[in-house]
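The chain contents come next:
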Amino acid sequence: MLTPAIHTTHNETLAAELDRAINNKTKPLGSLGALETLAKQIGLIQNTRQISISDPAILVFAADHGVVAEGISAYPQDVTWQMVENFLAQGAAINVFAAQNKCALHVVDAGVNHDFGPRDGLIDRKLAKGTHNFAQQAAMSNAICTAALEAGMALAAELKGNVVGFGEMGIGNTTAAAALMHKLTGIPVAECVGAGTGLSPEGVLHKQHVIEAAVARHSRAVTPFDILATFGGLEIAMMAGAMLKAAELRKVLLIDGFIVTSALLVAARMQPAILDYCVFSHCSNEQGHQKMLNALQARPLLNLGLRLGEGTGCALALPLLHAAANFVNQMATFESAQVSEKSE
Ligand SMILES: Cc1cc2ncn([C@H]3O[C@H](COP(=O)(O)O)[C@@H](O)[C@H]3O)c2cc1C
Ligand SMILES: O=C(O)c1cccnc1
């Protein structure tokens, strides 16, 4: 597998130019807060002072998880394929928010345990009918994990826009994400697990024990790739591949909640410079997400108490990206509007 080569966006000259352009706008210095940071980041990603948001798209990757056999989700596995049907029928939260914000939505079957047949609007990249149960064996073979990463890379290469958001659907995937988080950050499993779709406190404790036993069983998984293959999911691996490619192509990567951030964590351990390209849309209510964001030194834009996934945080944060581009491109400067500058 050829891993994309991602370059840092660091560029002192351009950074100084962007600071000057932002500071010259008719507003007190720094008063647009996180939007200023965002505008500068997008400028550095796009390597220009004329920043733009064109043809944004959200990729939603769906797959099933063998570890659901351990009773780690509050919902049955069939919800995965049923929600894919719901995406295709435009009935899910992500459909509503993406449409509201004029964002294209692409639904990818990375490995759902269901035969959809050829369907309009569904991108079929099914590699298996779900992963193996990682409580018993590695979730994926190396070959399947590589194929998932490569399929994700190919999908990202086809996108025409310059902003790509990531979403997922897969009952059981907060368990996979918590295991990845623990293995890649060293944070104790108890601090990585959460209620997911709504487990009781006893259910969360059981989920913790399932992960702890699996981590002990698979102690030889140490590289990011091996950890991904052992504990990850087909949607998580495909997302990680798409993220790596999108960053290589200098797109803005919009990161959603707990599961999407776990895919980024894998990608960032492979290619740390990917973080220069990431905008963290929100902090999820899933316990563990804030700590995962801290481990990546990431500052999320929104904190709405969401715990849904599907890429909903990305769709909701998109207007903020437009706002960042618009203020840089459309606001007057102190000079052009003849407004007096700071006096002290
Ligand atoms: C109706 C429904 C719609 C969803 N949309 C996203 N998820 C979210 O919940 C799942 C992860 O939680 P757990 O690990 O506890 O199974 C993922 O599919 C995620 O996208 C949903 C879950 C449900 C039930
Ligand atoms: O943070 C998320 O994205 C999340 C949390 C719980 C369940 N599904 C998704």
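About the cut-offs
- Residues numbered from 1 in each chain as written.
- Chains lettered and ligands numbered in written order.
- Predicted model: local features only at pLDDT ≥ 70, side-chain atom pairs only at ≥ 80, totals over all residues.
- UniProt positions renumbered as here; feature names shortened; annotations may be inferred.
- Pairing = 2+ DSSP bridges.
- Helix = DSSP H or I, 4+ residues; strand = E, 2+ residues; numbered from the N terminus.
- Axes fitted to C-alpha atoms, helices over the stretch in contact; angles between N-to-C directions.
- Contact = placed C-beta atoms within 7 Å.
- Buried ≥ 20, exposed ≤ 12 C-beta atoms within 10 Å, placed from the backbone.
- Core = buried A, V, L, I, M, F, W, Y, C linked by C-beta atoms within 7 Å.
- Near = placed C-beta within 6 Å.
- Nonpolar A, V, L, I, M, F, W, Y, C, P; charged D, E, K, R; others polar.
- Parallel < 35°, antiparallel > 145°, perpendicular 65-115°, else oblique.
- Left-handed = near helix turned anticlockwise from the far one by under 90°.
- Arc of directions from axis to C-beta.
- pLDDT = per-residue confidence, 0-100.

In the nomenclature of an unreviewed UniProt entry, the protein corresponds to Nicotinate-nucleotide--dimethylbenzimidazole phosphoribosyltransferase from the organism Duganella fentianensis. Under the UniProt heading Function (unreviewed entry), the note attached to the protein is "Catalyzes the synthesis of alpha-ribazole-5'-phosphate from nicotinate mononucleotide (NAMN) and 5,6-dimethylbenzimidazole (DMB)." Turning to the protein, the UniProt annotation filed under Catalytic activity (unreviewed entry) states: "5,6-dimethylbenzimidazole + nicotinate beta-D-ribonucleotide = alpha-ribazole 5'-phosphate + nicotinate + H(+)".

Trainee: Explanation requested: the sheet that holds strand β3 (residues 122–124) in the structure shown.
Mentor: Within a sheet, each strand pairs with its neighbour through backbone hydrogen bonds, oriented either parallel or antiparallel. Spatially, 6 strands are ordered β3-β2-β1-β4-β5-β6 in an open sheet, and the strand pairing comes out parallel. The sheet terminates laterally at β3 and β6 (278–280), the two strands that pair on one side only. Between one strand axis and the next, the sheet turns through 30° on average, direction left out of account. Note that strand β4 (residues 163–169) and strand β5 (residues 252–255) share 3 bridges and pair parallel. Paired with Gly165 across the strands is Leu254, a residue of β5. Running over the sheet, helix α13 (residues 312–330) touches β1 (57–63), β4, β5 and β6 and is turned about 165° from β4.

Trainee: What is the right way to look at the UniProt feature "active site" (unreviewed entry) in the protein in this model?
Mentor: UniProt records the feature "active site" (unreviewed entry) for Glu310 in the present numbering. Here Glu310 falls in the buried class, since 29 other C-beta atoms lie within 10 Å of it. Residues contacting Glu310, with those up to four places away along its chain left out, are Val60, Ala92, Ala93, Ile94, Gly167 and Met169.

Trainee: Help me understand the nonpolar core, please; the structure alone is not making it clear to me.
Mentor: One broad trend across soluble globular proteins is that nonpolar side chains are buried collectively. Counting residues in each nonpolar core, the largest one holds 112 residues, and the members touching the most others are Val60, Ala240, Met243 and Leu253. When sequence neighbours within four positions are dropped, the list of residues in contact with Met243 reads Phe166, Leu253, Ala263, Leu264, Ala267 and Ile274.

Trainee: Got a minute to help me understand the site of ligand 1 in this structure?
Mentor: Inspection of the region around ligand 1 gives 18 residues, with Ser73, Thr174, Gly196, Thr197 and Gly309 positioned closest. Those elements giving two or more residues to the shell around ligand 1 turn out to be α3 (78–88), β4 and α6 (173–185). Sorting elements by how many residues they give to the shell around ligand 1 places α6 first, with 3 residues. Class assignment for the residues of the shell around ligand 1 results in 7 nonpolar, 9 polar and 2 charged.

Trainee: Mind showing me how you'd approach the packing of helix α4 (residues 93–100) against α13 here?
Mentor: To characterise two packed helices, one gives the angle between the axes of the helices and the distance between these axes. Here α4 crosses α13 at 15°, and the two axes come no closer than 9 Å. With respect to α13, the axis of α4 lies roughly parallel. Note that α4 runs across α13; the crossing there is left-handed. Taking contact as the criterion, the partners of Ala93, Ile94, Phe97 and Ala98 in α4 are, on α13, Thr312, Ala315 and Leu316.

Trainee: Quick question: what am I supposed to make of the pairing of β4 here?
Mentor: Moving residue by residue along a regular strand, the side chains alternate between the two faces of the sheet. Of all 7 residues that make up β4, 7 are buried, and the element is covered over most of its length. A two-sided burial pattern is seen for β4, the buried positions comprising Val163, Gly165, Gly167 and Met169 on one face and Val164, Phe166 and Glu168 on the other. As judged from the 6 bridges shared by β1 and β4, these two strands associate in the parallel manner. Bridging across to β4, Ala57 finds its partner in Val164.

Trainee: Would you take a moment to explain α3 for this structure?
Mentor: For the α-helix, the turn length of 3.6 residues means that residues three or four positions removed from each other point alike. Within the span of α3, buried status applies to Thr80, Met83, Val84 and Phe87. Each buried residue of α3 lies within a common arc of 110° when the element is viewed along its axis, so the set occupies one face. Of the surrounding elements, those touching the buried residues of α3 are β1, α4, β2 (104–111) and β4. Gln90, located one to two residues past α3, shows a positive phi value of around 65°.

Trainee: What's the story with the environment of Ile45 in this structure? I'm lost.
Mentor: Mapped onto the elements of the fold, Ile45 is located in helix α2 (residues 33–46). Put simply, Ile45 and Val266 are 221 residues apart on the chain and 21 Å apart in space, counted from C-alpha to C-alpha. Setting aside chain neighbours within four positions, we find Ile45 in contact with Thr9, Arg250, Val252, Asp276 and Tyr277.

Trainee: Would you mind going over the confidence of the model for the protein with me for this structure?
Mentor: The predicted coordinates should not be examined in detail at positions where pLDDT is low. Residues at a pLDDT of 70 or more form 100% of the protein, whose mean pLDDT is 98. ipTM for the predicted complex: 0.99, alongside a pTM of 0.98.

Trainee: Please explain unusual backbone geometry as it appears in this structure.
Mentor: For residues besides glycine, phi is generally negative; the peptide bonds are generally trans as well. We note that Asn47 has phi near 60°; this positive angle belongs to a residue other than glycine. Among the structural elements, Asn47 can be located in the loop between α2 and β1. A positive phi angle, close to 50°, is found at Lys102, a residue other than glycine. Inspection of the secondary structure puts Lys102 in the loop between α4 and β2.

Trainee: What exactly am I supposed to notice about the packing of α6 against helix α9 (residues 224–231) here?
Mentor: Axis separation between α6 and α9 bottoms out at 10 Å; the angle between their running directions is 155°. Taken together, the axis directions place α6 and α9 in an arrangement best described as roughly antiparallel. Note that α6 runs across α9; the crossing there is right-handed. The residues of α9 that touch α6, namely those facing Ala176, Ala179, Leu180, Lys183 and Leu184, are Pro224, Ile227 and Phe231. Here the contact of α6 with α9 is composed, by residue class, of 7 nonpolar, no polar and 1 charged.

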